[in-house]
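Fold and geometry: a report
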Amino acid sequence: MNRLNKIKDDSDLKKMLDELKDQIFAQKTVVSENMELFFSNKPKYVVFLSFSDGNSRAYVTKGIGNSVEVSWKNAVDLMKKKIKETEINPIWIKADIVRKIKAYQYQEFIRYISEIKINYFREGISLDNMFNISFLEQEVNSNVFIYDVKDSYQKKKHLVWKNINYYLKRNTGNKYQFDENSIAYIYTFTTLGFFHDGMKCYPLCSEGHEVGRRSIEKVDEALLRDIISNASNFLSNQIDETGKFCYGYFPCFDKIVPHYNILRHASTTYSMLEAYEFNKDPKLKDSIKRALEYLMNEGIELFKDDDENNIAFVIERLEKGDAEIKLGANAAAILAFAKYTRVFHDEKYIPIMQNLAEGIRFCQDDQEGSFVHILNVPDLSVKEKYRIIYYDGEAAFALMRLYDIDKNERWINTVEKAFEHFIKNDYWKHSDHWLSYCSYELMKYKPEQRNIAFNLRNASGILDFCLTRETTYPTLLELLMATYCMIDKLKRENVFLETLESFDYSKFIDAIEHRVKHQLNGLFFPEVAMYFKAPGKILWSFFIRHHSFRARIDDNEHNISGYCSYLHNRLKANEIPIGGDNGN
């Protein structure tokens, strides 16, 4: 699934085009009425062909004619001419036929796109009513044709004419310089599309947030295994010989995400270990070990507490030689080392985990149970008592995972004290996935109704959000699956079922299934990746659309973790209905 297929000769290209042609020709009756409405007495058809060698941004040709057949031939002729000019070897081809068209006066169009979240405009645009200068939605977004105006007084976007003109010249050779003064109307359009990867022709989604990616009726085990393996392989490829990650990409123009974050280094490695449990990939195993050694050798330092005991902290290196200690980084490191211990049955990291856990305890207020989030280096003074809510739950969760290994009561006592603080201060309102993870782990050893109720409240408050949120937001699935695991355990043990009486379980399951499918809209399938500058670098990675399609290591981490949990605990497990017999 993740290999780049090579077109051997012209017969392969012909086969791909013939299969795509059959699909496009079959759409004539679907699109003809709208074409007649727009073009009046002389309806025209508009066909786009996008093609890429897998390593460089796709070229796009189009054909316009009085019939689908003529439009197709015109697009293919231009495609073959471009292949000859560029000497590229296309391995991916995508075909689109225009389905619906709408006209806007220029300023009306600006008002329209200004109400849409950045990069969530999902239509193509034409600068003229005959589609001579027109672009697919994927071209518009991957080349940053639309951008926010930096104006604090109004919500407004604009067209980036510099990018449009540059792309036009690269794609078609057109050297005319367009600007807003040369355009009276903008025509938006949608398409019906199909994608061929050299082996198979895929119908593409044409509506909603799924536009432009392959249609998937059911997310089954085989698909999830492929996605997990490919996304973890992407992460493996980002690790150099020293064990350090390439932190991520802004793929529109192939820019590397600057800076580094050792916390995310650790938590990403944790997700790779989750993936390894499924695929046992030796390359992934080697990458994991290098990443953990980098964390151990480059990220952690030992200190002494007031009683001269060893405590350890993960050090976040900042710009200009500064450094700080993040509570969440200690937690992420413990999670990664603990997962390694379980997966490989190797106890070599237990001593450093215990030192890191003492670092977490060092950050806890003995009276109220809260944690300090940020310390100064090297004096361990408080830099920021609070920075981000996720550190608290992550720290408690990490201590539970260490407790599961060494059964040291110090760790679970620290977690119980923290949960007193979380419950007292209604931390469930934050809908933090780490708190769901932790409350589930705590429930295994301390099956108390208040901890169970906390977990349920943490999930119940976000169900509508999960069902309606347009962003892929992968931690939502992690949170839901942690609650799912807890409920499943309660059902299997037939305990505390009364706590579930007011919980909307049906809506909860709907939210899980929706997020599982919706998160695919943040995956660089080939048909999505091909429009970016260096598709081979980002293929099968996950991205954040509203952050310039950023593909950072932690963006992949959270998707992998959520999908691993779903695959292991829902698809592969036999669910017991609420109130059902657990078989004991």
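Presented here is a report on the structure given in the accompanying data block. Numbering of residues starts from 1 in each chain and follows the order in which that chain's sequence is written. Totals for whole chains, interfaces and linings use every residue, but because this is a predicted model, local features are given only for residues with pLDDT of at least 70 and side-chain atom pairs only at 80 or more, for both listing and counting. The basis for the side-chain values is all heavy atoms of the structure; hydrogens and waters are excluded.

1. A few points about the packing of aromatic side chains
Pairing of aromatic rings covers Phe, Tyr and the six-membered ring of Trp, with a centre-to-centre limit of 6.5 Å; geometry is then stacked below 30 degrees between planes, edge-to-face above 60, and tilted otherwise. In total, this model carries 43 aromatic pairs according to the counting rule given. Three or more aromatic residues joined by ring pairs make a cluster, and in this case those are Phe38, Phe39, Phe48, Phe131, Tyr185, Tyr187 and Phe189. The rule is short: NZ of Lys or CZ of Arg within 6 Å of the ring centre and within 35 degrees of the ring normal puts a charge over the ring. A cation over a ring is seen here: Arg170 above Tyr59, with NZ or CZ 3.9 Å from the ring centre.

2. Section: empty space enclosed by the protein
Here a cavity is any set of points on a 1 Å grid over the protein atoms alone where a 1.4 Å probe fits but cannot get out, and a pocket is any open set with protein on both sides within 12 Å along at least 5 of 7 lines; a residue lines the site when it has an atom within 4 Å of a point. Grid points are joined across faces, edges and corners, and a volume is the space filled by probe spheres set on the points. For the structure shown, the criterion picks out 5 cavities of 30 Å³ or more. Approximately 150 Å³ is the volume found for the largest cavity. Together, 20 residues line the largest cavity, and Arg122, Gln138, Val211, Val528 and Arg545 are the ones closest to its centre. In DSSP terms, a helix is any run of H or I states spanning at least four residues, a strand is any run of E spanning at least two, and both are numbered starting from the N terminus. If you list the elements that add at least two residues to the lining of the largest cavity, you get α5 (137–142) and α19 (526–529). At 4 residues, the largest contribution of residues to the lining of the largest cavity is made by α5. Of the volumes computed, that of the second largest cavity is approximately 120 Å³. For the lining of the second largest cavity, the element with the most residues is strand β8 (residues 185–196), which contributes 4 residues. Each residue receives one of three labels: charged for Asp, Glu, Lys and Arg, nonpolar for Ala, Val, Leu, Ile, Met, Phe, Trp, Tyr, Cys and Pro, and polar for the others, Gly being one of them. For the lining of the second largest cavity, the per-class residue count stands at 5 nonpolar, 7 polar and 5 charged.

3. What to know about the environment of Ile300
As for its placement among the helices and strands, Ile300 is situated in strand β12 (residues 300–304). Relative accessibility decides the category of a residue: with a 1.4 Å probe and only protein chains considered, values under 20% of the type maximum give buried, values over 50% give exposed, and everything between is partly exposed. For Ile300, a relative accessible area of 12% translates into the label buried. Ile300 sits 117 residues away from Lys417 along the chain, and the two C-alpha atoms are 26 Å apart. Only heavy atoms matter for contacts: two residues are in contact if any of them lie within 4.5 Å across the pair. Setting aside residues no more than four positions away along its own chain, Ile300 makes contact with Leu295, Ala312, Phe313, Val314, Phe337, Ile352 and Leu356.

4. Overview of helix α3 (residues 68–86)
In this model α3 runs 27 Å from its N-terminal to its C-terminal C-alpha over 19 residues, within 8% of the 27 Å that 1.5 Å per residue would give. Among the residues of α3, Val68, Ser71, Trp72, Ala75, Val76, Met79, Lys82 and Ile83 are the ones counted as buried. Along α3, the residues classed as buried sweep out an arc of 130 degrees about the axis, all on the same side. Structural note: α3 exposes Lys73, Lys81, Lys84 and Glu85 on the side pointing more than 90 degrees away from its buried face. The inward-facing, buried residues of α3 abut α1 (10–25), α2 (28–39), β1 (45–52), β2 (59–65), β3 (92–105) and α6 (161–172). The span one expects for a helix is its residue count, reduced by one, times 1.5 Å. When we speak of the arc, we mean the arc of directions from the helix axis to the C-beta atoms.

5. Observations regarding the pattern of salt bridges
Each reported salt bridge corresponds to a side-chain nitrogen of Lys or Arg within 4 Å of a carboxyl oxygen of Asp or Glu. Scanning all chains against the criterion turns up 39 salt bridges. For the salt bridge of Arg317 with Glu301, the shortest nitrogen-to-oxygen distance reads 2.7 Å. Here Arg317, found in strand β13 (residues 310–317), pairs with Glu301, found in strand β12; they are 16 residues apart in sequence, far enough to count as distant. Glu301 sits in the partly exposed class, given a relative accessible area of 28%. Taken together, the salt bridges that share partners define one network made up of Glu324, Lys383, Glu384 and Arg387.

6. Comments concerning helix α17 (residues 475–493)
The first and last C-alpha atoms of α17 sit 27 Å apart over 19 residues, in line with the 27 Å expected at 1.5 Å per residue. Downstream of α17 by a residue or two, Asn494 has a phi angle that is positive, lying close to 55 degrees.

7. Some details on the state of the cysteines
By definition, disulfides here are pairs of cysteine sulfur atoms that lie within 2.5 Å. Scanning the model with the defined rule gives 0 disulfides in all. Here Cys205 stays unpaired: no disulfide links it, and the sulfur of Cys201, its closest cysteine neighbor, is 14 Å away. Overall, the relative accessible area of 18% leaves Cys205 in the buried class.

8. With respect to the layout of surface pockets
One number sums up the size of the largest pocket: a volume of about 820 Å³. Lining the largest pocket we find 36 residues, and of these Arg264, Tyr390, Arg552, Asp554 and His558 sit closest to its centre. The dominant element in the lining of the largest pocket, judged by the number of residues it contributes, is helix α21 (residues 553–571), at 4 residues. Residue classes in the lining of the largest pocket are distributed as 11 nonpolar, 10 polar and 15 charged.

9. Concerning the side chain of Arg550
As for its position among the elements, Arg550 is in the loop between α20 (535–538) and β17 (551–552). By relative accessible area, Arg550 is classed as buried at 12%. Beyond its immediate chain neighbours, meaning those up to four positions away, Arg550 contacts Tyr249, Phe250, Pro251, Val257, Phe542, Phe543, Ile544 and Asp555.

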